[in-house]
Amino acid sequence: MNAQMEILLQIQDLKGQRKELGEGETARQVQEEQFNLDIETALAELDDRIEALETELDPTVRTRYDRLAKAMSRPVVPAINGTCYGCFVSVATAVASDPRERNRLRTCDHCGRFLYFVS
């Protein structure tokens with residue numbers, strides 16, 4: 001897998017964890033009481049880690065990711081059996097079947113999301 005894609009997946013995962021941690025007063029209370037977790041400290045640590053990973057991205061990739069993240073909840077999606085799981089449109093066969101193309105940083109021609117390929 002492309003190194004930039006690995007970073008994008010980590011960022012998306014950390015942002016999902018941040019969203020879950022910050023949502024709902026009841027969930028926050030459970031996290032704080034049951035797990036002795038300081039939510040504000042945990043959110044700050046997640047923000048720091050996300051920022052550190054974002055600095056590792058190429059500037060053009062980061063700009064595109066930021067733009068997609070504002071418009072979509074999941075800017076990085078799998079392509080399974082030649083189908084983008086963001087918009088469910090088929091990916092070009094030449095891209096989906098060529099291992100060299102699958103290892104490059106790819107985006108969906110239809111929705112623009114970053115794609116990682118799953119056989």
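Predicted model only: the values in this text are computed from it and were never measured. (Residues numbered from 1 in each chain as written. Predicted model: local features only at pLDDT ≥ 70, side-chain atom pairs only at ≥ 80, totals over all residues. Heavy atoms only, no water.)

### With respect to the overall build of the protein chain
The helix and strand tally for the protein chain stands at 6 helices and 4 strands. Its helices and strands in sequence order give the protein chain the pattern α-α-α-α-β-β-α-α-β-β, from N to C terminus. Along the first, second and third principal axes, the C-alpha set of the protein chain runs to 55 × 25 × 25 Å. Across the 119 residues that make up the protein chain, the buried fraction comes to 35%. Considering only residue pairs separated by 6 or more positions, the protein chain has 60% of its internal contacts joining residues 24 or more positions apart. When the accessible surface of the protein chain is summed, it comes to about 7,500 Å², and 47% of that surface belongs to carbon and sulfur atoms. (Helix = DSSP H or I, 4+ residues; strand = E, 2+ residues; numbered from the N terminus. Buried < 20%, exposed > 50% of the residue type's maximum accessible area, 1.4 Å probe, protein only. Contact = heavy atoms within 4.5 Å. Areas by Shrake-Rupley, 256 points an atom, 1.4 Å probe, with all protein chains shown as cover.)

### Points about the layout of surface pockets
Volume-wise, the largest pocket comes out at about 200 Å³. Those elements giving two or more residues to the lining of the largest pocket turn out to be α1 (3-22) and α4 (59-71). By residue number, the principal contributor to the lining of the largest pocket is α1, which donates 4 residues. Among the residues forming the lining of the largest pocket, the class breakdown is 4 nonpolar, 3 polar and 3 charged. (1 Å grid on protein atoms, 1.4 Å probe; cavity = no way out; pocket = protein on both sides within 12 Å on 5 of 7 lines; lining within 4 Å. Points joined across faces, edges and corners; volume = space filled by probe spheres on them. Nonpolar A, V, L, I, M, F, W, Y, C, P; charged D, E, K, R; others polar.)

### Observations regarding the pattern of salt bridges
Applying the stated criterion across every chain yields a total of 7 salt bridges. Residue R18 pairs with D47 through a salt bridge whose shortest N-O separation is 2.5 Å. Taken together, the positions of R18 in helix α1 and D47 in helix α3 (residues 39-56) put the pair 29 residues apart, joining distant regions of the chain. Measuring nitrogen to oxygen at the nearest pair gives 3.9 Å for the salt bridge that ties D66 to R62. Here the residue D66 and the residue R62 both occupy positions in helix α4, the gap between them amounting to 4 residues, near one helical turn. Where salt bridges share partners, they join K15, E54, R62 and D66 into one cluster. (Salt bridge = Lys/Arg side-chain N within 4 Å of Asp/Glu carboxyl O.)

### Digging into the sheet that holds strand β4 (residues 114-118)
By definition, the strands of a sheet pair up through backbone hydrogen bonds, in either a parallel or an antiparallel sense. Reading across the sheet, the 4 strands line up as β2-β1-β4-β3 and stay open at both edges, with mixed pairing between neighbours. The strands lining the two open edges of the sheet, one partner per strand, are β2 (83-84) and β3 (106-107). Bridge count for β3 against β4 is 2 bridges, and the pairing is antiparallel. Across the sheet, the residue bridging to T107 is F114, located in β4. (Pairing = 2+ DSSP bridges.)

### Details of the nonpolar core
Ranked by internal contacts, the top residues of the largest apolar core, which has 19 residues, are L8, I11, L21, L57, Y65, V76 and F114. At the level of elements, α1, α3 and α4 are the ones that each hand at least two residues to this core. Counting 10 residues, the second-largest nonpolar core is a separate cluster that includes V77, A79, A96 and C111. (Core = buried A, V, L, I, M, F, W, Y, C linked by side-chain atoms within 4.5 Å.)

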